[in-house]
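Each chain is listed here by its residues.
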Amino acid sequence: MGSLFRSETMCLAQLFLQSGTAYECLSALGEKGLVQFRDLNQNVSSFQRKFVGEVKRCEELERILAYLVQEINRADIPLPEGETSPPAPPLKQVLEMQEQLQKLEAELREVTKNKERLRKNLLELTEYTHVLRVSKAFVRRDMQFEPTYEEFPSLENDSLLDYSCMQRLGAKLGFVSGLINQGKAEAFGKTLWRACRGHSIVTHAELEGPLEDPETGEVIKWYVFLISFWGEQIGHKVKKICDCYHCHVYPYPNTAEERREIQEGLNTRIQDLYTVLHKTEDYLRQVLCKAAESVYSRVIQVKKMKAIYHMLNMCSFDVTNKCLIAEVWCPEADLHELRLALEEGSRQSGASIPSFMNTIPTKETPPTLIRTNKFTEGFQNIVDAYGVGSYREVNPALFTIITFPFLFAVMFGDLGHGFVMFLFALLLVLNEDHPRLSQSQEIVRMFFNGRYILLLMGLFSVYTGLIYNDCFSKSLNLFGSGWNVSAMYSSGHSPAEQRKMMLWNDSVIRHNRVLQLDPSVPGVFRGPYPLGIDPIWNLATNRLTFLNSFKMKMSVILGIIHMTFGVILGIFNHLHFRKKFNIYLVSIPELLFMLCIFGYLVFMIFYKWLVYSAETSRVAPSILIEFINMFLFPASDTGGLYPGQEHVQRLLLVITALSVPVLFLGKPLFLLWLHRGRSCFGVSRSYLTCCGPC
């Protein structure tokens, strides 16, 4: 079992790295994942360490790459995976990569900015065309319903937009047109009416379809409005109100000829903008496609480079500032690999003096390292979620591989559902090399990481489903029931048996809604079901009572076994750490306390199952009552399960009572005795030495 049963044996090593080779050496160590660094600069602030500038440079590269990934995802360009885990870039390529990324970012920002500007202009021109089209209908409607005034008869044939007519009226007529959000149209009209005191006319109409807002990019419904007013002061008020409501105001033509010229100019500009915008988008997509080819590997490389500089910040310099000293925890089995990694890093950097290492003794507790693979990783994560074990303790993940799926199956216990779960997990296992599964959404990735756990959970659920005889909440009659209903009819028995037993006849069947099978009647109970629970219990009215009693007893048995096994594993820890006093003062009293009470309960469950049969089930005592009487000492004789039960139970209670003070006081008093030099409680070292020849 090796490392899976206990954590790896660790040692403290000291690395001596030349300044020019430190980056390459740590890169080689990181690729192999051999060591855990100790921080030798704990009293130094993060901003005052040697390689803080390089860390900031890596963070700047991460920001640029995050921007590139964001733009690539926005353009719906798939990210090629490339190499799964590329190594950290050499120092000679770091500056070159930084210049390339900065140049690419600047180019993308410029192209994106131009694209947004063109898109905004296009949207504004499109809005202007809608305003001209809809407001033209407003003018026609006003001219159609315009009243005639007797005091100005010469105006009947003049255009509403004729400037000479306005002069003859002695007032200056002005227009403001534009777009407003649909939700603000009603409030906008009321505000204009109150502010202008009725000296303005607002005409509006809803556009046929929604338009994209040039400022926010949100697609919303718009209203086209046309405001007619008299006087410059009212015109200033109207424009201020339009600004407050964030209206998109566009110039309104005074004549029909001017309107036509503006419309033609808008159509020409819109066509030109469409052409330029399409070319800009094509160029931007080409740039993003080229960037997407290497962005995945560069993200990983920058992360590794940043991790290397973080580790270098944990190292200390010697007196000459030419050599870095690092302290690492390394498994003793990997010391040879550690030396090879240092030699490889020195060779890659071309240094004349290689880096080297040596082990140093220490009394500090090393970190816990447990090697896992793709099968055991999920179970180890379950154990680590409750807490990582101490150094060289027994690793419970090895046993969790069996106990966790089995205890789940005890609760789940359905043949059909368990088989479906097993097939789902088997599908994930067979396709575990598919890249989309490991990089999918969070919920799918969670199922994928626990695929082997689901596989065993489904497999054990199939087994417990057979034991419970439960398949999609239905029983399966695979071997034939062990109960015979026809044997309960009185016609199949002699007159003497009919007088002694409660048998069925036509009258009993006709007048009773519930019939009871009597196992004492010959031929009714022919033997237990070969595997699991008899399917006839699915028809019984007391089915739920029977199954709950059975599952509760199974839970008690499995729970006691599980707890006892945990205490036994603790004994292995005490033996390994040479603390035998914990065995006598902790483990053995725990076992005695547990087995004398709950172990005895398990014994009574098995004893009742083995001794009492279906024929004698009516006289079988209740385990719950017997267990309660164990602590109450009843005056009257209750019969019990077996002869001498009362004496056995009293002996178990005495052992339990004696183990309690040992659990509470044994270990503390023993540690106090050791702390005071073994001289308290009237016992000293001189008393423990031999007084004569042995």
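Residues numbered from 1 in each chain as written. Predicted model: local features only at pLDDT ≥ 70, side-chain atom pairs only at ≥ 80, totals over all residues. Heavy atoms only, no water.

**With respect to the overall build of the chain**
Operational definition: Under the scheme used here, helices are H or I runs from DSSP no shorter than 4 residues and strands are E runs no shorter than 2 residues, and both carry numbers assigned from the N terminus. By the convention used here, residues are in contact when the closest approach between their heavy atoms is within 4.5 Å.
Scanning the chain from terminus to terminus reveals 21 helices and 11 strands. Within the chain, residue pairs in contact and separated by at least 24 positions form 77% of the contacts whose partners lie at least 6 positions apart.

**Considering the pattern of salt bridges**
Between side chains of opposite charge, a pair can form when the charged atoms approach closely. Convention followed: One side-chain nitrogen of Lys or Arg within 4 Å of one carboxyl oxygen of Asp or Glu is enough to make a salt bridge. Burial classes: relative accessible area under 20% of the type maximum marks a residue as buried, over 50% as exposed, and values in between as partly exposed (1.4 Å probe, protein chains only).
Within the structure shown, the criterion is met by 23 salt bridges. Here glutamate 327 and arginine 38 are joined by a salt bridge, their closest N and O atoms 2.9 Å apart. Of this pair, glutamate 327 sits in strand β10 (residues 323-331) while arginine 38 sits in the loop between β2 (36-37) and α2 (52-74); the two residues are 289 residues apart in sequence, bridging distant segments of the chain. Residue classification places arginine 38 among the partly exposed positions, given a relative accessible area of 22%. We note a salt bridge from glutamate 646 to arginine 650, for which the minimum N-O separation is 2.7 Å. Highlighted residues: glutamate 646 and arginine 650, both in helix α20 (residues 645-675), separated by four residues, approximately one helical turn. Judged by its relative accessible area of 43%, glutamate 646 falls in the partly exposed class. Salt bridges linked by common partners bring Glu60, Arg63, Glu105 and Arg109 together as one network.

**Quick word on the confidence of the model for the chain**
Selection criterion: pLDDT expresses, on a scale from 0 to 100, how confident the predictor is about each individual residue.
With 90% of its residues at a pLDDT of at least 70, the chain reaches an overall mean of 85. Across residues 141-170, where pLDDT falls below 50, the model places 23 contacts with residues more than four positions away in sequence or in other chains.

**Topic: the UniProt feature "transmembrane region" (unreviewed entry) in the chain**
This is how the line gets drawn: UniProt positions are given in the numbering used here, feature names are shortened, and annotations may be inferred rather than shown by experiment.
Residues annotated by UniProt as "transmembrane region" (unreviewed entry) correspond here to residues 406-430, 451-468, 554-572, 584-607 and 651-674. End C-alpha atoms of residues 406-430 are separated by 23 Å, and the span's content is 92% helix alongside 0% strand.

**Examining the packing of aromatic side chains**
Under the convention used in this document: Classification of ring pairs uses Phe, Tyr and Trp, with its six-membered ring standing for Trp, and accepts pairs whose centres are within 6.5 Å; under 30 degrees between planes counts as stacked, over 60 as edge-to-face, and the remaining range as tilted.
In this structure the tally under the stated criterion is 28 aromatic pairs. Taking the centre distance of 5.2 Å and the plane angle of 15° together, the rings of tyrosine 128 and tyrosine 250 count as stacked. Taken together, the residues span a long stretch of sequence, with tyrosine 128 in helix α3 (residues 91-144) and tyrosine 250 in strand β8 (residues 248-250) at a distance of 122 residues. Relative accessible area serves as the criterion here: at 9%, tyrosine 128 is assigned to the buried category. Overall, tyrosine 250 belongs to the buried group, its relative accessible area being 12%. Ring centres of phenylalanine 603 and tyrosine 642 lie 6.0 Å apart, and the angle between their planes is 80°; on these two criteria the pair is classed as edge-to-face. One end of the pair, phenylalanine 603, is in helix α18 (residues 580-611); the other, tyrosine 642, is in the loop between α19 (623-632) and α20, with 39 residues separating them in the sequence. One aromatic cluster is present, formed by Tyr23, Phe51, Tyr309 and Phe317 through successive ring pairs.

**Considerations on the sheet that holds strand β3 (residues 173-181)**
This is how the line gets drawn: A pair of strands is labelled paired if DSSP reports no fewer than 2 bridges between them. Helix axes are fitted only over the stretch in contact, all axes being lines through C-alpha atoms; the angle between N-to-C directions runs from 0 to 180 degrees.
Pairing is antiparallel across the open sheet formed by four strands, whose spatial order is β4-β7-β3-β8. Each edge of the open sheet is held by one strand with a lone partner, namely β4 (200-206) and β8. Neighbour-to-neighbour, the strand axes of the sheet open up by a mean angle of 25°, direction not taken into account. Sheet topology places β3 next to strand β7 (residues 222-230); nine bridges connect them, and they run antiparallel. Across the sheet, glycine 174 pairs through a bridge with phenylalanine 229, a residue of β7. On top of the sheet, helix α5 (residues 185-196) reaches β3, β4 and β7; it is set at about 10° to β7, its chief contact. Against the sheet, helix α6 (residues 232-244) makes contact with β3, β7 and β8, and its axis sits at roughly 160° relative to β7, the strand it touches most.

**Considerations on the nonpolar core**
To keep it simple, the criterion reads: As used here, the term nonpolar core means buried Ala, Val, Leu, Ile, Met, Phe, Trp, Tyr and Cys residues forming a set that is joined through side-chain atoms within 4.5 Å.
Counting residues in each nonpolar core, the largest one holds 50 residues, and the members touching the most others are Leu15, Leu29, Leu68 and Leu338. Secondary structure elements with two or more residues in this core: β1 (10-18), α1 (22-32), α2, α3, α7 (256-312), β10 and α8 (335-349). Considering each element in turn, this core owes the most residues, 11 residues, to α7. Once you skip the residues sitting within four places of it in the chain, leucine 68 turns out to touch Leu101, Leu104, Leu108 and Val295. One finds Phe175, Leu207, Trp222 and Leu273 within the second-largest nonpolar core, a separate group that totals 23 residues.

**Points about the UniProt feature "coiled-coil region" (unreviewed entry) in the chain**
In the UniProt entry, the feature "coiled-coil region" (unreviewed entry) is given for residues 94-128. Taken end to end, residues 94-128 comprises 100% helix and 0% strand; its first and last C-alpha atoms sit 51 Å apart.

**Topic: the side chain of arginine 49**
Condition: Here a polar contact is recorded for every N or O atom pair within 3.5 Å, except that within protein the pair must consist of a potential hydrogen donor and a potential acceptor, and residues adjacent in sequence are included only if both atoms are side-chain atoms.
Inspection of the secondary structure puts arginine 49 in the loop between β2 and α2. The exposure class of arginine 49 is buried, given its relative accessible area of 15%. One polar contact links arginine 49 to aspartate 39, side chain to side chain, over a distance of 3.1 Å. Within the structure, arginine 49 has its side chain in polar contact with the backbone oxygen of asparagine 41 (distance 2.7 Å). Not counting residues up to four positions away in its chain, the partners in contact with arginine 49 are Asp39, Asn41, Gln42, Val44, Asn313 and Met314.

**Observations regarding the packing of helix α9 (residues 377-386) against helix α10 (residues 397-412)**
To keep it simple, the criterion reads: Each angle receives one of four descriptions, namely roughly parallel if under 35 degrees, roughly antiparallel if over 145, roughly perpendicular if within 65 to 115, and oblique otherwise. Each residue receives one of three labels: charged for Asp, Glu, Lys and Arg, nonpolar for Ala, Val, Leu, Ile, Met, Phe, Trp, Tyr, Cys and Pro, and polar for the others, Gly being one of them.
The N-to-C vectors of α9 and α10 enclose an angle of 95°; their axes lie 9 Å apart at closest approach. Of the possible angle classes, the one that applies to α9 and α10 is roughly perpendicular. Two secondary-structure elements touch here, α9 through Phe379, Gln380, Ile382 and Val383 and α10 through Ala397, Thr400, Ile401, Phe404 and Pro405. Its residues placed into classes, the contact of α9 with α10 shows seven nonpolar, two polar and no charged.

**Remarks on the pairing of β3**
β3 sits mainly inside the fold: eight of its nine residues count as buried. Pairing between β3 and β8: three bridges, direction antiparallel. Its bridge partner being in β8, glycine 178 is matched across the sheet by valine 249.

**Observations concerning the environment of arginine 347**
Among the secondary structure elements, arginine 347 is positioned in helix α8. Distance from arginine 347 to cysteine 25, taken between C-alpha atoms, is 9.2 Å for residues 322 residues apart in sequence.

**Focus on helix α17 (residues 543-576)**
One full turn of an α-helix is made of 3.6 residues, so residues set three or four places apart face in the same direction. To be explicit about the condition: Between the first and last residue of a helix there are one fewer steps than residues, each counted as 1.5 Å, and that sum is the expected span.
Compared with the 50 Å implied by 1.5 Å per residue over 34 residues, the 50 Å span of α17 between its first and last C-alpha is a close match. Where α17 terminates, the next one or two residues include arginine 578, which has phi positive at roughly 60°.

**Overview of unusual backbone geometry**
One non-glycine residue with positive phi stands out, namely aspartate 76, at about 55°. Examined against the element boundaries, aspartate 76 turns out to sit in the loop between α2 and α3. Positive phi is not limited to glycine here, since histidine 246 has a value of about 55°. For histidine 246, a relative accessible area of 57% gives the class exposed.

**Quick look at α10**
The first and last C-alpha atoms of α10 sit 22 Å apart over 16 residues, in line with the 22 Å expected at 1.5 Å per residue. For α10, the complete set of buried residues consists of Ala397, Leu398, Thr400, Ile401, Pro405, Ala409 and Val410. In this structure, the buried side of α10 is in contact with α9, α14 (451-468) and α17. In the stretch just after α10, glycine 413 is the one whose phi turns positive, near 50°.

**Focus on a nonpolar patch on the surface**
Cut-off, in case you're wondering: Each patch is built from residues that are more than 30% exposed by relative accessible area and take part in no salt bridge. Like charges join if they lie within 9 Å; nonpolar side chains (Val, Leu, Ile, Met, Phe, Trp, Tyr) join within 5 Å. Per-residue and other accessible areas were derived by the Shrake-Rupley procedure at a 1.4 Å probe size, with only the shown protein chains allowed to occlude residues.
The grouping of Phe593, Phe598, Leu663, Phe664, Leu665, Leu669 and Leu672 at the surface amounts to a nonpolar patch, some 610 Å² of accessible area in total. Breaking the nonpolar patch down by element, the ones donating at least two residues are α18 and α20. Among the elements that line the nonpolar patch, the one with the most residues is α20, at five residues. In this fold, phenylalanine 664 is placed in helix α20. A residue is classified by how much of its surface remains accessible, and phenylalanine 664, at 62% relative accessible area, is exposed.

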